Amino acid sequence: MSGAGHDPDATALTAADPRAVIIRGLTKRFGDRHAVNGISLDVPRGAFFGIVGPNGAGKSTTIKMCTTLLRPDAGDVWVDGHHVWSDVTVAKHRLGVLPDDLPLFERLTGGEFLSFLGVFRGLAPGVVADRSAALMSVLGLDDAARVLIADYSTGMRKKISLAAAVLHNPRVLFLDEPFESVDPVSARTIQDVLHTYCVGGGTVILSSHVMDTVERLCDHVAIVNAGMIVAAGTVDQVRGGRRLEDVFIDAVGGRTAQGGDLGWLGTEV
Amino acid sequence: MGGANGSAAGGPNESVGSNGSLTWTFAKLKFVLLRASLRRRQSVWNRVGTFVALLASLLGAIAGFIATVSLRGGWSAVAEERFLVIGCFLVIFGWWFGPVLSGGSDETVDPMRLALLPLTRAQLRRGQIAAGLVGPAPLMVVVWGIGLVIGTAGPWWTVPFSILAAVVLVLTALIGSRAIATSLAVLNRTRRGGDLATFVAVLGAAMLFVAGQALQFISDEQLDTMTRIARATPLGMIGDAFRLLGDGDVVGALWRIAALGAVAAAAAWCWSRQLDRLMSESDVRGRLEAAATISALPIFDGFRSRLAHTPAGAAVAREIVYLKRSPGRRASMLTSLMLGFAYVAMLAARGQIRDPMIVLVSPLAMVFALQYAANQNGVDPAAFWIEVVAGPQQIARWAGRQALGAVSILTPVLITGVVLAAVSGGWRQFAVMVATMIGATFALVGLGSAMSPAFATPVPDSGNPFGNRQAMQGTGCVAGLVGIMYLVVGAAIVALPEISLWWAVDNRRWGLAALVFIGALAAQLGVWFASSRFAIRSLARNELVVLERLDARLNA
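What counts and what doesn't
- Residues numbered from 1 in each chain as written.
- Chains lettered and ligands numbered in written order.
- Predicted model: local features only at pLDDT ≥ 70, side-chain atom pairs only at ≥ 80, totals over all residues.
- Heavy atoms only, no water.
- Helix = DSSP H or I, 4+ residues; strand = E, 2+ residues; numbered from the N terminus.
- Rg over C-alpha atoms; globule rule 2.2 N^0.38 Å.
- Buried < 20%, exposed > 50% of the residue type's maximum accessible area, 1.4 Å probe, protein only.
- Contact = heavy atoms within 4.5 Å.
- Areas by Shrake-Rupley, 256 points an atom, 1.4 Å probe, with all protein chains shown as cover.
- Lys, Arg positive; Asp, Glu negative; His and termini not counted.
- Charge placed at Lys NZ, Arg CZ, Asp CG, Glu CD.
- Core = buried A, V, L, I, M, F, W, Y, C linked by side-chain atoms within 4.5 Å.
- Axes fitted to C-alpha atoms, helices over the stretch in contact; angles between N-to-C directions.
- Parallel < 35°, antiparallel > 145°, perpendicular 65-115°, else oblique.
- Nonpolar A, V, L, I, M, F, W, Y, C, P; charged D, E, K, R; others polar.
- Pairing = 2+ DSSP bridges.
- Phe/Tyr/Trp six-rings, centres within 6.5 Å; stacked < 30°, edge-to-face > 60°.
- Patch = residues over 30% accessible without salt bridge, like charges linked within 9 Å, V, L, I, M, F, W, Y side chains within 5 Å.
- Salt bridge = Lys/Arg side-chain N within 4 Å of Asp/Glu carboxyl O.
- pLDDT = per-residue confidence, 0-100.
- Polar contact = N/O pair within 3.5 Å; in protein donor to acceptor, adjacent residues only side chain to side chain.
- Expected span 1.5 Å × (residues − 1).

Asker: Would you mind going over the overall build of chain A with me for this structure?
Answerer: A tally of regular secondary structure across chain A gives ten helices and ten strands. In summary, chain A has a C-alpha radius of gyration of 20 Å against a globular reference of 18 Å for 269 residues, a match within 12%. With 269 residues in all, chain A has 55% of them scored as buried. The long-range share in chain A, meaning contacts at least 24 apart out of those at least 6 apart in sequence, stands at 68%. Summed over its atoms, the accessible surface of chain A is roughly 10900 Å², and 52% of this surface lies on carbon and sulfur atoms. For chain A, the separation between the mean place of its 25 positive charges and that of its 31 negative charges on side chains is 4 Å.

Asker: Explain the overall build of chain B here, please?
Answerer: Along the backbone of chain B there are 20 helices and zero strands. The 556 residues of chain B split such that 49% are buried. By element, 70% of the accessible surface of chain B is carried by carbon and sulfur atoms, the whole surface being about 24400 Å².

Asker: Before we go on, may I ask you to explain the environment of B:Ala403 in this structure?
Answerer: Tracing the sequence through the fold places B:Ala403 in helix α17 (residues 394–424). Owing to a relative accessible area of 22%, B:Ala403 belongs among the partly exposed residues under this scheme.

Asker: I tried to follow the nonpolar core on my own but got confused; where do I start?
Answerer: For soluble globular proteins, the rule of thumb is that nonpolar side chains tend to be buried together. Counting residues in hydrophobic clusters, the biggest one holds 135 residues, and the most contacted among them are A:Val21, A:Phe113, A:Phe174 and B:Phe242. Broken down by element, the residue count for this core peaks at twelve residues, all from helix α6 (residues 159–187) of chain B. Counting residues in each nonpolar core, the second largest holds 25 residues, with B:Ile358, B:Leu420, B:Met451 and B:Tyr486 among its members.

Asker: How do you make sense of the packing of α6(B) against helix α9 (residues 234–246) of chain B when you look at a structure like this?
Answerer: The description of two helices packed together rests on the angle between their axes and the distance between the axes. Residue and element names in this part refer to chain B. Viewed as axis vectors pointing N to C, α6 and α9 meet at an angle of 170°, and their least axial separation amounts to 10 Å. As far as their axial angle goes, α9 and α6 are roughly antiparallel. Residues Phe161, Ser162, Ala165, Ala166 and Leu169 of α6 form the contact with α9, whose own contacting residues are Ile238, Phe242 and Leu245. For the contact of α6 with α9, the class distribution of residues is seven nonpolar, one polar and no charged.

Asker: Just checking my understanding: could you explain the sheet that holds strand β10 (residues 228–234) of chain A for this structure?
Answerer: The strands making up a sheet associate through backbone hydrogen bonding, with each pair oriented either parallel or antiparallel. Residues and elements named next belong to chain A. Pairing is mixed in the open sheet, where six strands are placed in the order β6-β7-β8-β3-β9-β10. Looking at the sheet topology across the chains shown, the edges are occupied by β6 (95–98) and β10. Between one strand axis and the next, the sheet turns through 15° on average, direction left out of account. Across the sheet, helix α6 (residues 154–166) is in contact with β6 and β7 (172–176); its angle to β6 comes to roughly 170°. Running at roughly 30° to strand β9 (residues 220–225), helix α10 (residues 244–252) makes contact with β3 (48–52), β9 and β10 of the sheet.

Asker: Could you clarify how one ought to interpret the sheet that holds strand β1 (residues 19–30) of chain A in this entry?
Answerer: Residues and elements named next belong to chain A. Read across the sheet, four strands follow the order β2-β1-β4-β5 without closing on themselves; strand pairing throughout is antiparallel. The outermost strands of the open sheet, each flanked by one partner alone, are β2 (33–44) and β5 (82–83). Here β1 pairs with strand β4 (residues 74–79) via five bridges, running antiparallel. Bridge pairing in β4 links Ile23 to Val77. Contacts between helix α2 (residues 59–66) and the sheet are confined to β1, β2 and β4, with β1 contributing the most and set at about 120° to the helix.

Asker: I would appreciate a short explanation of the environment of B:Leu148 in the present structure.
Answerer: Residues and elements named next belong to chain B. Structurally, Leu148 is set in helix α5 (residues 136–151). Given the relative accessible area of 8%, Leu148 is considered buried. Measuring from C-alpha to C-alpha, the distance between Leu148 and Ala165 comes to 9.6 Å, with 17 residues separating the pair along the chain.

Asker: Is there a simple way to explain the pairing of β10(A) in this structure?
Answerer: Here β9(A) pairs with β10(A) via six bridges, running antiparallel. When the bridges of β10(A) are listed, A:Val221 appears paired with A:Gly233.

Asker: Even after reading the chapter, I still don't get α2(A), so can you show me in this structure?
Answerer: In an α-helix, one full turn covers 3.6 residues, which means residues spaced three or four apart are oriented alike. Residue and element names in this part refer to chain A. Burial within α2 is extensive, with seven of its eight residues counted as buried. For α2, every residue scored as buried is listed here: Lys59, Thr61, Thr62, Ile63, Lys64, Met65 and Cys66. At the exit of α2 stands Thr68, carrying a positive phi of roughly 70°.

Asker: What should I look at first to understand the packing of aromatic side chains in this one?
Answerer: All names here are of chain B. Tallied over the full model, the rule gives eight aromatic pairs over all chains. Look at Trp427 and Phe430: their rings are 5.5 Å apart centre to centre, the planes differ by 80°, and that puts the pair in the edge-to-face class. A residue pair is termed a helical-turn pair when its members lie 3 or 4 positions apart in one helix, as Trp427 and Phe430 do in helix α18 (residues 427–455) at three residues. Judged by its relative accessible area of 43%, Trp427 falls in the partly exposed class. For the ring pair Phe442 and Trp528, a centre distance of 5.2 Å and an interplane angle of 80° mean the geometry is edge-to-face. Of this pair, Phe442 sits in helix α18 while Trp528 is found in helix α20 (residues 510–550), placing the two residues 86 residues apart along the sequence. The exposure class of Phe442 is partly exposed, given its relative accessible area of 35%. Relative accessible area serves as the criterion here: at 21%, Trp528 is assigned to the partly exposed category. Feature note: the residues Phe89, Phe93 and Trp96 constitute an aromatic cluster, connected by ring pairs.

Asker: In this structure, what is going on with a nonpolar patch on the surface? I would like to understand it.
Answerer: A surface patch of nonpolar side chains, about 600 Å² in accessible area, is lined by B:Phe51, B:Leu55, B:Leu58, B:Leu59, B:Ile62 and B:Ile66. Considering the arrangement of structural elements, one finds B:Ile62 in helix α2 (residues 44–69).

Asker: Please clarify how the confidence of the model for chain B should be interpreted in this entry.
Answerer: Close inspection of predicted coordinates is inappropriate in any region flagged by low pLDDT. Residue and element names in this part refer to chain B. Model confidence for chain B is summarised by a mean pLDDT of 77, while 76% of its residues fall at 70 or above. Least confident of the elements in chain B is helix α11 (residues 287–295), whose mean pLDDT is 39; most confident is α9, at 92. Taken as a whole, residues 1–13 scores under 50 in pLDDT and shows 31 contacts with residues more than four places along the chain or in a different chain. Counted against residues more than four places away or in other chains, residues 284–300, with its pLDDT under 50, gives 23 contacts. For this predicted complex, the interface confidence comes out at an ipTM of 0.73, alongside a pTM of 0.70.

Asker: Any chance you could explain unusual backbone geometry here in plain terms?
Answerer: If a residue is not glycine, its phi is most likely negative; likewise, a peptide bond is most likely trans. Positioned with a positive phi, A:Glu177 is a non-glycine residue whose angle comes to about 50°. Residue placement: A:Glu177 occurs in the loop between β7 and α7 (184–199). A:Glu177 gets classed as buried once you look at its relative accessible area, which sits at 7%. Even without glycine at this site, B:Arg508 takes up a positive phi of about 55°. Overall, the relative accessible area of 57% leaves B:Arg508 in the exposed class.

Asker: Explain the side chain of B:Arg256 here, please?
Answerer: All names here are of chain B. Mapped onto the elements of the fold, Arg256 is located in helix α10 (residues 250–280). By relative accessible area, which is 17% here, Arg256 ends up buried. At a separation of 3.2 Å, a polar atom in the side chain of Arg256 contacts the side chain of Asp240. Setting aside its immediate chain neighbours within four residues, Arg256 contacts Met237, Asp240, Ala241 and Leu244.

Asker: Mind showing me how you'd approach the pairing of β7(A) here?
Answerer: Two faces belong to every sheet, and in a regular strand the side chains alternate between them. Residues and elements named next belong to chain A. Counting buried positions along β7 gives five out of five residues, so the element sits mostly inside the fold. Looking at chain direction, β6 and β7 are connected through four bridges and run parallel. Note on β7: the bridge partner recorded for Val97 is Phe174. Direction of pairing for β7 relative to strand β8 (residues 203–208): parallel, over a ladder of five bridges.

Asker: Mind showing me how you'd approach helix α4 (residues 121–132) of chain B here?
Answerer: All names here are of chain B. Compared with the 16 Å implied by 1.5 Å per residue over twelve residues, the 16 Å span of α4 between its first and last C-alpha is a close match. Buried residues dominate α4, accounting for nine of its twelve residues. When α4 is considered as a whole, its buried residues turn out to be Arg121, Gln123, Leu124, Gly127, Gln128, Ile129, Ala130, Ala131 and Gly132.

Structure representation (structure tokens):
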């Protein structure tokens, strides 16, 4: 890491800066392998920003480094004007995260979970109660408010995690594969919440490998492959009149599986 | 929202409330999590287990309180010194290493669950300490501390110093425990580090176990030596401080309290550093390392390819490969082996190491390995689920688990037997022991397989060898009670034939010896056959019931 303030663009950051997130030279190695290799990116305020890439491209690792969950080997990240590694506590106030694999408090009910989280985040009890009730209602978790999280389905876990991520009304929301393993009804609910958040001026950054979802939801997109950004801009700029999926396949190098060794597949045993 | 995000009325306060209220919230969180263990939605066994654990802690607290308060009269100076010095040493050491192996999933002290919260490290540490003081076991130790203050009270002006000593004792135990757990979690992020962490934790637990058991057997001279050694360490010094305060020696006591305080400060420093690393470098175990790990096991690959031609062979191979690769399974097996060896070593250390008869106690080395045999279906619920879905016959899965059960039981016994026979020359005893153990192993794994469908306790496989998702839920307690029942029956299965056979051999009544051997073997194989038949039928009938019981999410 280069430390806070080394980037001339970043030092000029103010609340009025049009960029909600600035990423510069972000790098992470696992052993000999570059999981993320010098990624730089500007995310405008109010954007619905999609990071797409094949499995293992470095999407989740990038999000972890942007949200203080993983220390980068090199590079810097500013969220809402705050360097996430030298200003960790303030940065955590400004961002919300829906991680792919963060453990939840399994033996709290959904209501208890949000309540404790609100207190830990310094919200007034009345505010926590109001927001929790509203979020649980919108996310269709009313009946589950008194059920242990251990008994939640995958979709319910995603939704309670989203409620936890937005409870403190962050300025930037990071979502790692938010629609993975989620049924269409729950996915639509989550999309509605995110849309409301974005319309209100919040910035959403989500990772996904479902092109249709990204194309439909996002106004900006970055294609990541092998830890590097291979294309970035508005969705229209990146797809250049084609389908995003076709651009993506071309960018990351697609391959097809036809016959050959799989000739046995689906045949009568 | 928009521009008003965050700073709007009702937005987050970046100072995150007062430290006092946050600390209190941590304690409250722990209490709510404990209360969840008694919820009606939990299974009856979970609630019974939690109730038994609470009752045991209450009885322990009362017994400890009475013992410590009784120091006020009737104890000789020597006995009092031994009790205080060794007792304080064991309480602190036990608190350091005990939770690592028995209750690693205390959610309030798992920093990863709090990684996204805007808490400073100091707030997190204070909160974790507060949460660590809530629960039956910590409160039991606090009650003991109060008992110590009362029991060792000297002149009135020493009482504040006694209270200080008790507070330092509890805090050192708690902070040290968190420092060790966090350091081991940091080590566990890589495979090699995980193995080292497992070794350190198991070694600590084994030392504690041996020390605790040894107290029951050792002579006065050995006890004095132990007291001298313990008194030379800060952990034992605090016990000495209580004794000195009882005599009015405040200065002598204070520097001993300071010594333990220095340990607490060092532990706090270490904890802080490791906490920082753990929370910001959660993911150093990259995908390539996992792939390399799997491909770097040619021995097991070869072993697997030879075995895995049949469903039963594949089940056996999978069990053994998992034993090697799963950190949780490795830790569990290593713990069982070390504690088993420690148990026998402790008996041998009583001066009987040269007595050939010591070889006959070798089967004690398997005591802790029996936990696998008694919970064959529960040690890896995910594997059970996959096998049910994949659909091999129950007999194949039963065979795989029986094979690993037999390996778990026989390995420590044979190693121990060979070592003891080599040292004592008791090769005749070794032959008798092995002759008995062949049938006994069948009987034990058979019995275990019959018990497992009914009492299967889920122990989900986890990358964290110290993770125990049954912590604070009571299931661990139920598993313990079932395990004790199994041990009693197992002791009869092993000991009765062994003693009888040795008597016949020692008296050179070879005909009787042959009769005992054949009779015992037939009985043991009969137990194995009947139990196994019951187990296979029970699994066939109740497979989905067992699966539901083992479902990792429902039992999380």
